[in-house]
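Here are the chains, one letter per residue:
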Amino acid sequence: MAALPVPLLALVLLLLAGCGGPGAAGQRRKEMVLSEKVNQLMEWASKRSVIRMNGDKFRRLVKAPPRNYSVIVMFTALQPHRQCVVCKQADEEYQILANSWRYSSAFTNKIFFAMVDFDEGSDVFQMLNMNSAPTFINFPAKGKPKRGDTYELQVRGFAAEQLARWVADRTDVHIRVIRPPNYAGPLMLGLLLAVIGGLVYLRGSNLDFLYNKTGWAFAALCFVLAMTSGQMWNHIRGPPYAHKNPHTGQVNYIHGSSQAQFVAETHIVLLFNGGVTLGMVLLHEAATSDMDVGKRKIMCIAGIGLVVLFFSWLLSVFRSKYHGYPYRYV
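Since the model is a prediction, treat every value here as computed from it, not as a measurement. Every chain's residues receive numbers from 1 upward, in the order its sequence appears when written. Given that this is a predicted model, residues contribute local features only at a pLDDT of at least 70 and side-chain atom pairs are listed and counted only at 80 or more, while totals for whole chains, interfaces and linings are drawn from all residues. Hydrogens and water are ignored here; the side-chain numbers use all heavy atoms of the structure.

## Quick look at the pattern of salt bridges
Here's step 1: Salt bridge, as applied in this entry: a Lys or Arg side-chain nitrogen positioned within 4 Å of an Asp or Glu carboxyl oxygen. Summed over the entire model, instances satisfying the criterion amount to 8 salt bridges.
Here's step 2: Residue glutamate 43 pairs with lysine 47 through a salt bridge whose shortest N-O separation is 3.8 Å. Remark: lysine 47 and glutamate 43 occur in helix H2 (residues 21-47); sequence separation between them is 4 residues, near one turn of the helix.
Here's step 3: Residue glutamate 43 is classed as partly exposed on the basis of its relative accessible area of 40%.
Here's step 4: Burial classification: accessible surface area is computed with a 1.4 Å probe over protein chains only, and a residue below 20% of its type maximum counts as buried, one above 50% as exposed, and the rest as partly exposed. We classify lysine 47 as exposed; its relative accessible area is 65%.
Here's step 5: Two residues, arginine 52 and glutamate 120, come together in a salt bridge whose shortest N-O distance is 2.9 Å. Here arginine 52, found in strand S1 (residues 50-52), pairs with glutamate 120, found in the loop between strand S3 (111-117) and helix H5 (122-127); they are 68 residues apart in sequence, far enough to count as distant.
Here's step 6: Owing to a relative accessible area of 36%, glutamate 120 belongs among the partly exposed residues under this scheme.
Here's step 7: Beyond isolated ion pairs, a larger network of salt bridges with shared partners links Glu93, Glu161 and Arg179. Each helix is a run of H or I in the DSSP string that is no shorter than four residues. Each strand is a run of E no shorter than two, and both are numbered from the N terminus.

What follows is the structure, given as structure tokens:
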């Protein structure tokens with residue numbers, strides 16, 4: 001093979017250096033595709049904090065490489081005929097989280113928030129073998145989602161603050177959740193103070209009702225029942241009210257794990273605790289009141305019945321959450 005003349009050889013080397021060879025061309029194509037994808041997502045995010053995706057958009061912008069950004073996707077079923085109450089509640093919290101990030105001074109193209117509705121992307125649900133909603137999954141910038149990239153909804157609840165902590169764990173993006181103003185609390189407090197002030201004004205000469213032991217005992221009992229039923233846990237974690245199986249339509253009001261609970265579950269436990277308390281009160285009155293013996297016997301029987309019935313139900317809830325607990329009451 002004849003050697004190339006020096007000027008021609010220099011020209012070839014110069015062209016190869018300028019073009020960078022086949023590998024450099026492929027790299028530039030990847031960069032162009034990535035730039036187009038990021039620009040498209042940024043354009044959509046500027047109009048709506050949560051980007052709605054169908055199957056084509058999901059495969060092109062989330063699944064297909066290249067990607068140097070994370071995408072948090074909520075898989076849901078918001079159409080009315082799906083009757084997914086939890087999906088609507090979770091969507092409200094998800095929108096708060098996405099808006100907090102979109103209008104934050106730290107907003108970048110490092111992470112995007114998206115949504116796939118079952119009626120718009122059922123093929124995505126089938127591709128991921130997903131059979132429940134709502135579900136939150138983080139698709140990282142590199143690699144496939146790991147086990148921790150699926151949000152534990154039943155354990156953590158869907159409050160925006162809990163979602164923000166999970167996002168920070170998976171992406172190192174810290175989002176300060178900013179909720180829209182809620183005037184219900186101040187209005188209720190103002191109404192309560194107005195009622196108390198009105199009572200004091202109308203009965204300024206007779207404040208004996210403030211020393212009513214029965215009234216204070218009833219108020220304290222209501223507070224204790226509310227706290228022991230798990231209302232504070234609901235306030236902190238923000239769990240769903242109940243869970244409906246999308247396939248069978250069965251609604252579960254009691255969570256099957258000892259690490260989580262539904263809002264409906266706390267109401268049930270509060271009712272059972274109230275029934276046990278009422279039975280104990282009746283037993284106390286039957287033993288200490290001055291009524292005739294017949295009425296006291298009736299109160300005693302009613303009290304025992306309430307305690308046995310409601311405590312048995314309360315223990316059955318405990319057994320359903322702590323599997324393998326060997327004891328029962330009735």
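## Concerning the state of the cysteines
Here's step 1: Only a pair of cysteine sulfur atoms within 2.5 Å qualifies as a disulfide here. Tallying each qualifying case throughout the model produces 1 disulfide.
Here's step 2: What pairs with cysteine 84 in a disulfide is cysteine 87, and their sulfur atoms sit 2.1 Å apart. Disulfide cysteine 84-cysteine 87: the torsion about the S-S bond is 70 degrees, which places it as right-handed.
Here's step 3: Look at cysteine 87 and you get buried, because its relative accessible area is 0%.

## Concerning the sheet that holds S1
Here's step 1: At least two bridges found by DSSP between two strands is the condition for calling them paired. Taken in spatial order, the 4 strands of this open sheet run S1-S3-S2-S4, and their pairing is mixed. Edge positions in the sheet fall to S1 and strand S4 (135-139), since each has one partner strand and no second. Strand-to-strand twist in this sheet, taken as the mean axis angle between neighbours without regard to direction, amounts to 30 degrees.
Here's step 2: As paired elements, strand S2 (residues 70-76) and S4 share 5 bridges and run antiparallel to each other. Each bridged residue has a counterpart across the sheet, and for methionine 74 the counterpart in S4 is phenylalanine 136. Interaxial angle, 0 to 180 degrees, is taken between N-to-C directions of lines fitted to C-alpha atoms, where a helix line uses only the stretch in contact.

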